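What the coordinates show
Here is what each chain is made of, one letter per residue.
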Amino acid sequence: MSLKTTPLNTLHRELGAKMVPFAGYDMPVQYPTGIIREHQHTRDQAGLFDVSHMGQVVVSGPGAAAALERLLPADLEGLGEHRQTYSLLTNGEGGVRDDLIVTRWGPDTFFLVVNAACKEQDIAYLRENLPGLEIDVLEDRALLALQGPQARAVMAELCPGAAQLVFLQGARLAIEGVDAYVTSSGYTGEDGFELSVPAASADAIARSLLAQPAVEAIGLGARDSLRLEAGLCLYGHELTETTDPVQAGLAWAIAKARRVDGARPGGFPGADVILDRLQNPPSVRRVGLVVDGKRPVRDGQSVINAEGDTVGDICSAAFGATLGGPIAMAYLSRDYAEPGTQLAVDVRGKQVPVTVTRMPFVPQRYYRG
């Protein structure tokens, strides 16, 4: 099956990117400087990411907030205009179909950004379950992310209005005369922005951003290590159809209004299971692990205690370039999940020592005003 391409495919190749298949797209995993340099550059200055493979969907029509609340545990009735919230499409067993960002564009209009690997299923699910609403997939839009401590200064030059946005706020703005929807959000733990722009203008806007001295192109490899350091979940790893939000450490994503004592309790798929988990904590939970030494660990490897018993499994792992060593996230039995607990990972029969640690591994630096 042929791979889809984003509007920046030609630019990636000009920049010497190593291209790989990802969620059905031909995507840059890294550029010639390499993943570690790209990671460090994003933490120190500003990185530009092509995330056009993700799904951009507009849900609109009378009662859109109430209808969407039947599919996810957010407080959309209380969400302000041009404000965003992180949420989850849950299933009937309390697991997660996908995680997404929801932005309120108007009284009855919501903009959703969903994961690339899930977007076809998500769109079908939305259409099936929201029959009275318009579901518009923005196939003609690209999505760029500018992340890092210099991102705000860069945007102040190219799009002054963007520099006024605070974390999880959006606005319709012009970038070099082009209509864009800009939000202060991202997937690295840094201050930054996501830019929804017309596909036909994406290449020119990306080149303008890359012309700024602070900005370099960043691939999927560094995107993964950056989000891991920031303690952020990746669908298919930390989040699955059989993992509930409380196990995942995402109880904060269950809005107060949707809890047992809230204004609109439950009413979303799996609510009984998830609300019960808030009262009766699950037997496993997501934790961070710092590896003792330089030997990498991998997704799927077992975490063991001093007696050699398996107490959990790794769900994501990478070299934490900011920390200077390998890190991981794992689901562990609650008995072993306290920070400071000494455990090991079984790497092909050899035990690699690890220590349970609090997340995020590096402080998040979102701009809140």
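See above for the structure.
Read on for a plain summary of the structure. (Residues numbered from 1 in each chain as written. Predicted model: local features only at pLDDT ≥ 70, side-chain atom pairs only at ≥ 80, totals over all residues. Heavy atoms only, no water.)

1. Structural notes on the overall build of the protein
Where we set the bar: Only DSSP runs of H or I reaching four residues or more are called helices, and only runs of E reaching two or more are called strands; each is numbered from the N terminus. In this treatment the radius of gyration is a C-alpha quantity, and the globule benchmark scales as 2.2 Å times the residue count to the 0.38 power. Asp and Glu are treated as the negative residues and Lys and Arg as the positive ones, with His and the ends of the chain left uncounted. Where a charge sits is defined by one atom per residue type, namely NZ (Lys), CZ (Arg), CG (Asp) or CD (Glu).
Of regular secondary structure, the protein possesses eight helices and 19 strands. Over its C-alpha trace the protein gives a radius of gyration of 21 Å, about what one expects of a compact globule, namely 21 Å for 369 residues. The principal-axis extents of the C-alpha atoms in the protein amount to approximately 65 × 50 × 45 Å. Side-chain charges of the protein comprise 33 positive and 44 negative groups, with the mean position of each set lying 3 Å from the other.

2. Focus: the side chain of Q301
Just so we agree on the cut-off: Residue burial is assigned from relative accessible area. The probe radius is 1.4 Å, only protein chains are included, and a residue is buried under 20% of its type maximum, exposed over 50%, and partly exposed in between. Contacts are assigned to residue pairs with any non-hydrogen atoms lying within 4.5 Å of each other.
Mapped onto the secondary structure, Q301 falls in the loop between β14 (284–291) and β15 (302–304). We classify Q301 as buried; its relative accessible area is 12%. If we skip the residues at most four places from it in the chain, Q301 touches G312, D313, I314, V345, D346 and V347.

3. Focus on the pairing of strand β17 (residues 325–333)
Inclusion rule: Two strands qualify as a pair provided that DSSP identifies no fewer than 2 bridges between them.
Across the nine residues that make up β17, a large majority, eight, are buried. The pairing of β14 with β17 spans seven bridges and is antiparallel. Across the sheet, the residue bridging to G288 is M329, located in β17. One ladder, built from eight bridges, connects strand β16 (residues 310–320) with β17; its direction is antiparallel. Paired with A318 across the bridge in β17 is I327. Here β16 folds back onto β17 in antiparallel fashion, the turn holding four residues, of which G324 has a positive phi close to 80°.

4. Regarding the sheet that holds strand β13 (residues 215–217)
Heads up, the condition is: Angular values range over 0 to 180 degrees, each being the angle between N-to-C directions of two axes fitted as lines to C-alpha atoms, with helices fitted over their stretch in contact.
With mixed pairing, the six strands of this open sheet are ordered in space as β10-β11-β12-β9-β3-β13. In the strand order of this sheet, the two ends are held by β10 (170–175) and β13, each with one partner. Along the sheet, successive strands turn relative to each other by an average axial angle of 30°, direction set aside. Sheet topology note: the strand β3 (residues 46–50)/β13 ladder contains three bridges and is parallel. Along β13, the bridge assignment pairs A46 with V215.

5. Let's talk about the environment of V352
As for its placement among the helices and strands, V352 is situated in strand β19 (residues 350–357). Counting along the chain gives 48 residues from V352 to I304, while the straight-line C-alpha distance between them is 9.8 Å. Those residues within four positions of V352 in sequence are excluded, and the remaining contacts are V291, R295, V297, L343, A344, V345 and V347.

6. Things to note about the packing of aromatic side chains
Our working rule: The pairing test for Phe, Tyr and Trp rings, Trp by its six-membered ring, is centres within 6.5 Å, and the orientation test on the planes gives stacked under 30 degrees, edge-to-face over 60, and tilted for anything in between.
Under the defined criterion, the tally for this structure stands at five aromatic pairs. Where Y86 meets W252, the ring centres are 5.3 Å apart and the plane angle is 35°; that geometry is what we call tilted. Residue Y86 is located in strand β5 (residues 84–90), and its partner W252 is located in the loop between α7 (220–229) and α8 (271–279); the two are separated by 166 residues in the primary sequence. The exposure class assigned to Y86 is buried, which follows from its relative accessible area of 18%. Seen in terms of ring centroids, F167 and Y366 are 4.0 Å apart; in terms of plane orientation they differ by 5°. Their pairing is stacked. Taken together, the residues F167 in the loop between α5 (151–158) and β10 and Y366 in the segment after β19 connect sequence positions 199 residues apart.

7. Looking at the state of the cysteines
How we decide: Cysteine sulfurs are considered disulfide-paired once they come within 2.5 Å of each other.
The tally for this structure, following the rule as stated, stands at zero disulfides. Between C233, a cysteine without a disulfide, and C315, which holds the nearest cysteine sulfur, the sulfur-to-sulfur distance is 7.8 Å. The class for C233 is buried, based on a relative accessible area of 7%.

8. Quick notes on the nonpolar core
Among soluble globular proteins, nonpolar side chains are generally buried collectively. To keep things clear, this is the line we draw: By convention a nonpolar core is built from buried Ala, Val, Leu, Ile, Met, Phe, Trp, Tyr and Cys residues, the set being connected through side-chain atoms within 4.5 Å.
Ranked by internal contacts, the top residues of the largest apolar core, which has 29 residues, are L146, M155, V182, L195 and L209. Within the residue set of this core, elements represented by two or more residues are β3, β9 (141–147), α5, β10, β11 (178–183), β12 (192–198) and α6 (199–210). Not counting residues up to four positions away in its chain, the partners in contact with L209 are L48, L144, L146, V154, M155, L158, L195 and V215. In this structure, L79, L89, L126 and I135 belong to the second largest nonpolar core, which totals 23 residues.

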